[in-house]
Amino acid sequence: MTEQDRVTVNDPRAPVNNGEGHQYVFYGAGAGWMIRKGVESLRITREDRVRLADRFVPPVGYRVAADRLEKPGSVVLLGGLPGSGRRAAAIMLLHGFGEEGRVDEKGVRFEELPTGEDENPLGPGRGDRFLLDLSAIADEETYDQAQRRLAVRRSQVQEAGAHMVVVLPSGMEHAHPPDLDPHTVRLERPRGIAVVTRYLRMDRMPFRTTDLGSADLRHLCDRSPMRELARLAGLVRAAHDSGRFGTDFAGWLDQAMHAVTDRADDARRQVTAVRTAPERALLLATAMFEEARADTVYEAWHGLMKTVGHEDEVTTELARTDFGTQLAGLGIERDSDGRLRFERLAYADAVRTHFWANFPGLRDGLRDWIGRAAGLRGLTTDDRVNVVVRFGERALAVGRPDHLFDLVACWADRATGTPGDPRAVTALELGLGHERFGGWFRKRMYECVVRSGSLSDGLARVLTTACVQSLGATHPDQAVVRLHYLAVRKGEAAYEAHEALLGLAGRDRRLYRLLIDRLRDRARGEQPAAEPHLHLLTHLLRSDRAPDPPPWPDLFLGWEAVFSRPPTELWSPLVSSWLDAAAGDSTRRMALEVMTGATRGRGAALHRLYAIACAWAGTARHPSQTAVAALFWQYIDQVQYGRTDRADAGPRITEEAR
C-alpha cells in the first residue's frame, strides 16, 4: 500500500481540481480552500484513515504485526525497505488492529509522536494509539537518542494498556537493540500491480485486467516505491479527467507511464536546448503558474526576468516574436478560457523540479519573486494557493524550509483581518505536514510565540489558524502550548488565540486537563506576569467551556487556584455560569459542592461566593434558580461549620446575615 498523500474533503461544493496531482482541503475556522500537495502529510484524522483503508493492500508480514498489536500495552516495531509501505501499514494497524472498518472508541487518542524531544508528557490512556515514525533517521547518534526516548514511551504505553507502532529506519539494523527483536516485524512490499489495481478501482477507472499486462508496466510495478505507484494511478485519473488524452484507458495509462518515467529527462533536454534567459524564464513562470490566465503568467514572467537581472530588449514589443508564438515554441498551450498549460501530462512539475535542482544560485531570487508574484491581481484564490504549494514543494525538496517560512512571515505581516493571508496559512500548513521538516516548522512556531519581542498581528493570526487547522489534528499538545503563548499576549490577535485555545481544550478532556495544569502553574507566579494566565484560567473554568460531562477533579484543581488569588472580581462570571448551568440541568449541581470545597475553607473566599450567589439569586425568574441558590448557601455553611468546632474562631455565614 502507498504512503502517498491522503485527502480530507469536508465540503463537496469546494473547487474541483482538474489538473494532475493530489487535492487537499484545509479545514477549520476561516478555511475552505482546496489545494494540491505533493508532500506526505502527518495528518491522520479518521477520514484520512478510512480513505487509506479503502486503498490499502497489506504487505507481507502485516497479519503477524496485527496479531501482536491486539494485546493492550503492545508495541510493534516495523522494519523493511524504503518504499515497502511501512508508514501506511503502521497507520492501518492502529486504525483497526487488523479488523476492517472497526470504529474508534469514544475518547481514544490517535496521534503521531514527534521523533525528537516532546514538550509535554505522553500521558497515554487505555486503548490510545500512537505512531512513531523513525524512518527518516540516517545516523547512529540520532537513532541512539530516539531509542532512549522510545524506551520511556514504550514503558508508558505498556503500563497504560495503549498501543504503539514504530516505523524503524532502514539500513540501521546493526544499531538496533537486541531486546527489541521479539517486538519487530519485517514487512515485504505487496505486489505492485495489486496496488495500482486497487487505486484504479477505487477511482472508478474503466479498465480490464488485461489492460495492465504490458511488460513495461509490470517492470515499473516491481521496482517502484508504493507512493510512486499511487502517483501513477492518480495520473491515470488526471489524464482521464482532463479530456485531452483520448477516450480509452490505454491512452490514459500511456500518458501516465511517460509522466512518471520520462518527464525529468524531457525537461532537462528542453532547458538545455533553450539557451536564452527569457525563454527559460517563460518555461519556469508557466510551470509555477500553470492553469492561470495568460496575461497573469505574462506579468509573472516579466517579474521573474527583473528578479534575475535580465534587462529589457532594446526593440519594442511590437517588433519582437509575439507571446503566442513563444508559448507554442515551448510546448505551452492556451485553452478556450485563456489559461495556460503544458501539452504533456505532469510536465510542469518536471520543469519546476529541474530548475530548483540545477540552478541553486537562483533559489533566493525565486523566493523573492514568488513573494511578490503570488499576489498578482489576476490570480484567483485557487491560483494563489497552487503557486504557494508548488513553491513549497520545491523549497522543501531541496532542504530550504527557511525559504518557505520567510514567505509565511512576509505574507502574514501584510495581511489584515482574520484568519490571516491564505497564502501564509497554506505555506505554514504545508511545512507542518511535511515528513522531514514538520518538526522544523513546529520548532520555528514555538520560537516565534515565546520570544519577548513584538509579533505582528498578522503572523499571530496565521500561527493561530495553523494551530487550529493542522497542529491541533497532528500534535494537539503542541498546539495547546503555542496557543497559550499567543493567548496571553496583548492585542486583538491575542483574543482570537484565546478563543481558539479554549475551543480546542474544551473538545478534549485530556487537553482540558493539560491546559488547567499549565495555567495553574503560571498563575501562582508574581504579578503582573501571572495575571493573564489567571484571567485565561477563569474563562477556561466557566461552564460553557468545560467538556461534557464535566471533569470534576480537574475543575476542583482549577477553581482552587482561582479562589486562592485576587482579583475576586474575576469570580463572578465564573460562579454565575455554573449557577446558571445547575439551574438548567440537575446533573450540573455537583459544581456547587465542588466549588465550595475548592475554597479550602477560606472564610474570605466563602463570603465572596455567598455574595455572588446573592446577586445571582436577586435576578431569579424561575423556582429552580431559587432552589439552586439555597443549595449553594447550604454547601457554603457546611464548609464553614466543618472548618472549625469553635463558633467564634472565624467568620461564619449565618441565617441572619443571609
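These numbers were taken from a predicted model, which means no experiment stands behind them.

**Regarding the overall build of the protein chain**
So, point 1. Counting its regular elements, the protein chain contains 28 helices and nine strands.
So, point 2. By residue count, 54% of the 658 residues in the protein chain fall in the buried class.
So, point 3. Of all intrachain contacts in the protein chain linking residues separated by at least 6 positions in sequence, the fraction that spans at least 24 positions is 72%.
So, point 4. Entry remark: accessible area of the protein chain is about 28,700 Å², with carbon and sulfur atoms responsible for 50%.

**Focus on the pairing of strand 5 (residues 129–133)**
So, point 1. Counting buried positions along strand 5 gives five out of five residues, so the element sits mostly inside the fold.
So, point 2. Here strand 5 shows no split at all, with R129, L131 and D133 on one side and F130 and L132 on the other all buried.
So, point 3. Across three bridges, strand 4 (residues 110–112) lies against strand 5 in parallel orientation. Within the sheet, the bridge partner assigned to E112 lies in strand 5 and is L131.

**Digging into the side chain of S624**
So, point 1. You can see S624 is positioned in helix 28 (residues 623–643).
So, point 2. S624 gets classed as buried once you look at its relative accessible area, which sits at 17%.
So, point 3. Here A583 takes part through its backbone oxygen, which lies 3.5 Å from a polar atom of the side chain of S624.
So, point 4. Of note is the side chain of S624, whose polar atom sits 2.9 Å from the side chain of H622.
So, point 5. Excluding residues that lie within four positions of it along the chain, S624 makes contacts with A583 and R589.

**Here we look at helix 23 (residues 531–540)**
So, point 1. Those residues of helix 23 lying buried are H533, L534, L536, L537, T538 and L540.
So, point 2. Elements that come into contact with the buried residues of helix 23 comprise helix 20 (476–487), helix 21 (492–506), helix 22 (509–523), helix 24 (552–563) and helix 25 (571–584).

**Section: the packing of helix 5 (residues 192–202) against helix 7 (residues 226–242)**
So, point 1. At a minimum axis separation of 9 Å, helix 5 and helix 7 run at an interaxial angle of 35°. Every pair of crossing elements has a handedness; the one defined by helix 5 and helix 7 is right-handed. Taking contact as the criterion, the partners of G192, V195, V196, Y199 and L200 in helix 5 are, on helix 7, M226, L229, A230, L232, A233 and V236.

**Considering the packing of aromatic side chains**
Centre distance and the angle of the planes are the two values used to describe a pair of aromatic rings.
So, point 1. For the structure shown, the criterion picks out 17 aromatic pairs.
So, point 2. Ring geometry for F405 versus W440: centroids 6.4 Å apart, planes at 75°, classification edge-to-face. Linking F405 in helix 16 (residues 401–414) with W440 in helix 18 (residues 438–450), this pair joins segments that are 35 residues apart in sequence.
So, point 3. Judged by relative accessible area, W440 falls into the partly exposed class, the value being 30%.
So, point 4. Summarising the aromatic geometry, the rings of Y610 and W633 are spaced 6.0 Å apart at their centres and angled 55° between planes, so their arrangement reads as tilted. With Y610 in helix 27 (residues 603–617) and W633 in helix 28, this pair connects stretches of sequence that are 23 residues apart. Neither residue differs from the other here; Y610 and W633 are each classed as buried.
So, point 5. Among the aromatic residues, those joined into a cluster by ring pairs are Y298, W301 and F323.

**Observations regarding empty space enclosed by the protein**
So, point 1. With the rule as written, the count across this model stands at three cavities of 30 Å³ or more.
So, point 2. Taken as a whole, the second largest cavity holds about 70 Å³ of empty space.
So, point 3. In terms of lining residues, the second largest cavity is bounded by R109, E111, L113, P114, D118, P121, L122, H475, D477 and Q478.
So, point 4. Class assignment of the residues belonging to the lining of the second largest cavity gives a composition of four nonpolar, two polar and four charged.

**Some remarks on the side chain of R390**
So, point 1. Positionally, R390 belongs in helix 15 (residues 381–397).
So, point 2. The side chain of R390 is buried and forms no salt bridge, while E290, the nearest opposite charge, is found at 4.8 Å.
So, point 3. For R390, the side chain forms a polar contact with the main-chain oxygen of E290, separated by 3.2 Å.

**Overview of the nonpolar core**
So, point 1. In terms of nonpolar packing, the biggest core is built from 129 residues, with F289, W369, I370, L428, W559, F563 and W578 touching the most fellow members.
So, point 2. In this view, W369 contacts A285, M288, F289, A300, G303, L304 and T307; residues no more than four positions away in its chain are not counted.
So, point 3. Ranked by size, the runner-up nonpolar core spans 30 residues in total, among them V57, F207, L229 and W252.

**Quick word on the packing of helix 2 (residues 62–69) against helix 3 (residues 86–96)**
So, point 1. With their axes 10 Å apart at the nearest point, helix 2 and helix 3 run at an angle of 40° to one another. On the basis of their axis angle, the class for helix 2 and helix 3 is oblique. For the pair helix 2 and helix 3, the sense of crossing is right-handed. Of the residues in helix 3, those touching helix 2 at Y62, A65, A66 and L69 are A89, M92, L93 and L94.
So, point 2. By residue class, the composition of the contact of helix 2 with helix 3 is eight nonpolar, no polar and no charged.

**Concerning the sheet that holds strand 7 (residues 184–186)**
So, point 1. Strands sit in the order 4-5-6-3-7 across an open sheet of five strands; the sheet is parallel. Every interior strand has two partners, whereas the edge strands, strand 4 and strand 7, have only one. Averaged over all pairs of adjacent strands, the angle between strand axes in this sheet comes to 20°, irrespective of strand direction.
So, point 2. Where strand 5 and strand 6 (residues 163–167) come together, five bridges link them in parallel fashion. Along strand 6, the bridge assignment pairs L132 with V166.
So, point 3. Packed onto the sheet, helix 3 meets strand 3 (75–79), strand 4, strand 5 and strand 6 and runs at close to 170° relative to strand 5.

**Regarding the confidence of the model for the protein chain**
So, point 1. Within the protein chain, residue pLDDT values average 86, and 88% of them lie at 70 or more.
So, point 2. Below a pLDDT of 50 lies the segment residues 1–42, which in the model reaches 151 contacts outside its immediate sequence neighbourhood of four places, other chains included.
So, point 3. The low-confidence segment residues 643–658 (pLDDT under 50) makes 24 contacts with residues lying over four places distant or belonging to another chain.

**Thoughts on the pattern of salt bridges**
So, point 1. Scanning the model with the defined rule gives 37 salt bridges in all.
So, point 2. With a shortest N-O distance of 3.9 Å, R268 and D265 are connected by a salt bridge. With R268 and D265 both in helix 9 (residues 263–273), this residue pair falls three residues apart, about one helical turn.
So, point 3. On the basis of relative accessibility, which here comes to 38%, the residue R268 falls in the partly exposed class.
So, point 4. Here D265 falls in the partly exposed class, since its relative accessible area comes to 37%.
So, point 5. Put simply, D368 and R367 hold a salt bridge, and the shortest N to O gap is 3.0 Å.
So, point 6. With relative accessibility at 16%, the residue R367 sits in the buried group.
So, point 7. A single salt-bridge network, built from bridges that share partners, covers R109, E111, D128, D477 and R510.

What counts and what doesn't
For every chain, the first residue of the written sequence is number 1, and numbering continues from 1 onward in sequence order. Reporting in this predicted model follows two pLDDT cut-offs: at least 70 for local features of residues, and 80 or more for side-chain atom pairs to be given and counted; totals over whole chains, interfaces and linings ignore these cut-offs and use all residues. As a rule here, side-chain values cover all heavy atoms of the structure and leave hydrogens and water aside. Under the DSSP-based scheme used, a helix requires at least four consecutive residues in state H or I and a strand at least two consecutive residues in state E, with every element numbered from the N terminus. Think of it in three bands: residues with accessible area under 20% of the maximum for their type are buried, residues over 50% are exposed, and the middle band is partly exposed, with areas taken using a 1.4 Å probe on protein chains only. A contact between two residues is defined here by any heavy atoms of the two lying within 4.5 Å. Under the convention used here, a 1.4 Å probe and the Shrake-Rupley method define accessible areas, while residue burial counts only the protein chains that appear. Strands were regarded as paired on the criterion that DSSP finds at least two bridges between them. Two N or O atoms form a polar contact when they lie within 3.5 Å of each other; inside protein one atom must be a possible hydrogen donor and the other a possible acceptor, and for residues adjacent in sequence the pair counts only when both atoms belong to side chains. A fitted line through C-alpha atoms serves as each axis, taken over the contacting stretch for helices, and the angle formed by two N-to-C directions is quoted from 0 to 180°. Two helices cross in a left-handed way if the nearer one is turned anticlockwise from the farther one by less than a right angle. They cross in a right-handed way if the turn is clockwise. Stacked, tilted and edge-to-face are the three classes assigned to paired rings of Phe, Tyr and Trp, where Trp is represented by its six-membered ring and a pair needs centres within 6.5 Å; plane angles under 30 degrees give stacked, over 60 edge-to-face, the rest tilted. Both site types are read off a 1 Å grid over the protein atoms alone. A 1.4 Å probe that fits but cannot get out defines a cavity, while an open set with protein on both sides within 12 Å along at least five of seven lines defines a pocket; lining residues have an atom within 4 Å of a point. Grid points are joined across faces, edges and corners, and a volume is the space filled by probe spheres set on the points. Ten residue types, Ala, Val, Leu, Ile, Met, Phe, Trp, Tyr, Cys and Pro, are classed as nonpolar, four, Asp, Glu, Lys and Arg, as charged, and the remainder, Gly among them, as polar. His is not counted, nor are the chain ends; Lys and Arg add positive charge and Asp and Glu add negative charge. Salt bridge criterion: a side-chain nitrogen from Lys or Arg within 4 Å of a carboxyl oxygen from Asp or Glu. Think of a nonpolar core as a cluster: buried Ala, Val, Leu, Ile, Met, Phe, Trp, Tyr and Cys residues, connected wherever their side-chain atoms sit within 4.5 Å. Each angle gets one of four labels, with under 35 degrees taken as roughly parallel, over 145 as roughly antiparallel, 65 to 115 as roughly perpendicular, and the rest as oblique. Values of pLDDT, which run from 0 to 100, indicate the predictor's confidence residue by residue.

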